[in-house]
Amino acid sequence: MVKTSPLSRWLALAATCFGLCGAVQTATAQEGDIRAKAVTAGELALLPEWCVDTQDGPFGSPEGGEGLNRSPRARQWVSAMGTDFWNMHHYCRGLRDMLRLQRAGLSKLDTEMLTGRAINEFEYIISTCKSTMPLMPEVYLKKGEMHLMRNELPAASQALEISRKLKPDYWPAYDRWVAALIGLKQYDRARALAQEGLGYIPNQPNLTARLAAINAAAGRGSSPRVSAAAASRPGR
């Protein structure tokens, strides 16, 4: 048996401790990064180009704010979105959390936190901005997607239906709920919705592919009954 000196044993123990401490610090930093409210430069590069010009960006508050910087491109975005643009930092925050949801190895707790926080940001836009704001159909779409991640089907169905009503030719709002109905094996409802969408946007590739998948799946057997969760879809 090889004998080791007390000093050697202490150094080995210290190295182990430092390694463990480093791992804990790394995990804590990752958790803090996930939960942080600030948008990183890398995230900002992946967000819509106008997010840098919102109140969360480096230019600060609404155009003309006393003693505060303003975006040199503010008039461009206000012209497109109206004064609701100055609320859109909340939408960018929701998109930031959706980006973070794409990271590997998220815990269930982090997933619930990020989806819930994103929904809150989208609901702020819905309650504060005009329904005619150009990006409102997309806001409802993103809200619906977050509810789908949380398996909150009635809320997802409602958000996606409003998105379609606001912009009947907005194919993602059809696509997301058609996919959910296919997952529930509610082929008749999925087919009807896909066909409705194709009536507004003929030959749209995603909806065309969904319809083919529905017909293939439904051909293997009869369509199951509508589940209670999906039956809560408004307007059913």
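The structure under discussion appears in the preceding block.
Let us look at the structure shown here.

Quick notes on the rules
- Residues numbered from 1 in each chain as written.
- Predicted model: local features only at pLDDT ≥ 70, side-chain atom pairs only at ≥ 80, totals over all residues.
- Heavy atoms only, no water.
- Core = buried A, V, L, I, M, F, W, Y, C linked by side-chain atoms within 4.5 Å.
- Buried < 20%, exposed > 50% of the residue type's maximum accessible area, 1.4 Å probe, protein only.
- Helix = DSSP H or I, 4+ residues; strand = E, 2+ residues; numbered from the N terminus.
- Contact = heavy atoms within 4.5 Å.
- Disulfide = S-S within 2.5 Å.
- Axes fitted to C-alpha atoms, helices over the stretch in contact; angles between N-to-C directions.
- Parallel < 35°, antiparallel > 145°, perpendicular 65-115°, else oblique.
- Left-handed = near helix turned anticlockwise from the far one by under 90°.
- Nonpolar A, V, L, I, M, F, W, Y, C, P; charged D, E, K, R; others polar.
- Phe/Tyr/Trp six-rings, centres within 6.5 Å; stacked < 30°, edge-to-face > 60°.
- Lys NZ or Arg CZ within 6 Å of the ring centre and 35° of its normal.

This part covers the nonpolar core. Trp50, Phe85, Met88, Tyr91 and Ile125 are the most contacted members of the largest nonpolar core, which has 30 residues in total. Secondary-structure elements contributing two or more residues to this core are helix 3 (74–81), helix 4 (89–100), helix 5 (108–128) and helix 6 (136–149). Top contributing element to this core by residue count: helix 5, with six residues. Residues contacting Trp50, with those up to four places away along its chain left out, are Trp77, Met81, Phe85, Met88, Tyr91, Cys92 and Leu135. In this structure, Trp177, Leu193, Leu211 and Ala218 belong to the second largest nonpolar core, which totals 22 residues.

For the structure on display, the rule yields one disulfide. Residue Cys51 pairs covalently with Cys92 via a disulfide, S to S 2.0 Å. As the torsion about the S-S bond is roughly -90°, the Cys51-Cys92 disulfide counts as left-handed. One end of the pair, Cys51, is in the loop between helix 2 (41–46) and helix 3; the other, Cys92, is in helix 4, with 41 residues separating them in the sequence. In this structure, Cys51 and Cys92 share a single accessibility class: buried.

Tracing the chain through its elements places Ala218 in helix 10 (residues 205–218). Overall, the relative accessible area of 18% leaves Ala218 in the buried class. In the structure, Ala218 is positioned 33 residues away from Lys185 in sequence and 8.4 Å away in space, judged by C-alpha atoms. Aside from chain neighbours lying at most four places away, what touches Ala218 is Tyr187 and Arg191.

Attention now moves to the packing of helix 9 (residues 187–200) against helix 10. Two elements in contact, helix 9 and helix 10, have axes separated by 9 Å at closest approach and are oriented at 155°. Taken together, the axes of helix 9 and helix 10 lie roughly antiparallel to each other. For the element pair helix 9 and helix 10, the recorded crossing hand is left-handed. Note on element contacts: helix 10 touches helix 9 through Leu207, Thr208, Leu211, Ile214, Asn215, Ala217 and Ala218, opposite Tyr187, Ala190, Arg191, Ala194, Gln195, Gly197 and Leu198. Its residues assigned to classes, the contact of helix 9 with helix 10 comprises nine nonpolar, four polar and one charged.

Looking now at the environment of Gly82. Assignment of secondary structure puts Gly82 in the loop between helix 3 and helix 4. Residues Gly82 and Thr132 lie 50 residues apart in sequence; the distance between their C-alpha atoms is 9.9 Å.

This part covers unusual backbone geometry. Residues other than glycine seldom take positive phi values, yet Lys185 does so here, at roughly 60°. With respect to the helices and strands, the residue Lys185 is situated in the loop between helix 8 (171–183) and helix 9. In the Ramachandran plot, Asn203 falls in the positive-phi region, its phi being about 65° despite a non-glycine side chain. Relative to the assigned elements, Asn203 resides in the loop between helix 9 and helix 10.

A separate point is the packing of aromatic side chains. By the definition in use, this model includes five aromatic pairs. With centroids separated by 6.5 Å and ring planes inclined at 35°, the aromatic side chains of Tyr174 and Tyr200 adopt a geometry described as tilted. One end of the pair, Tyr174, is in helix 8; the other, Tyr200, is in helix 9, with 26 residues separating them in the sequence. Classification of Tyr200 as partly exposed rests on a relative accessible area of 48%. Members of the aromatic cluster, joined through ring pairs, are Trp50, Phe85, Trp86, Tyr91 and Phe122. Taking the ring centre of Tyr174 as reference, the NZ or CZ of Arg164 above it sits at 5.6 Å.

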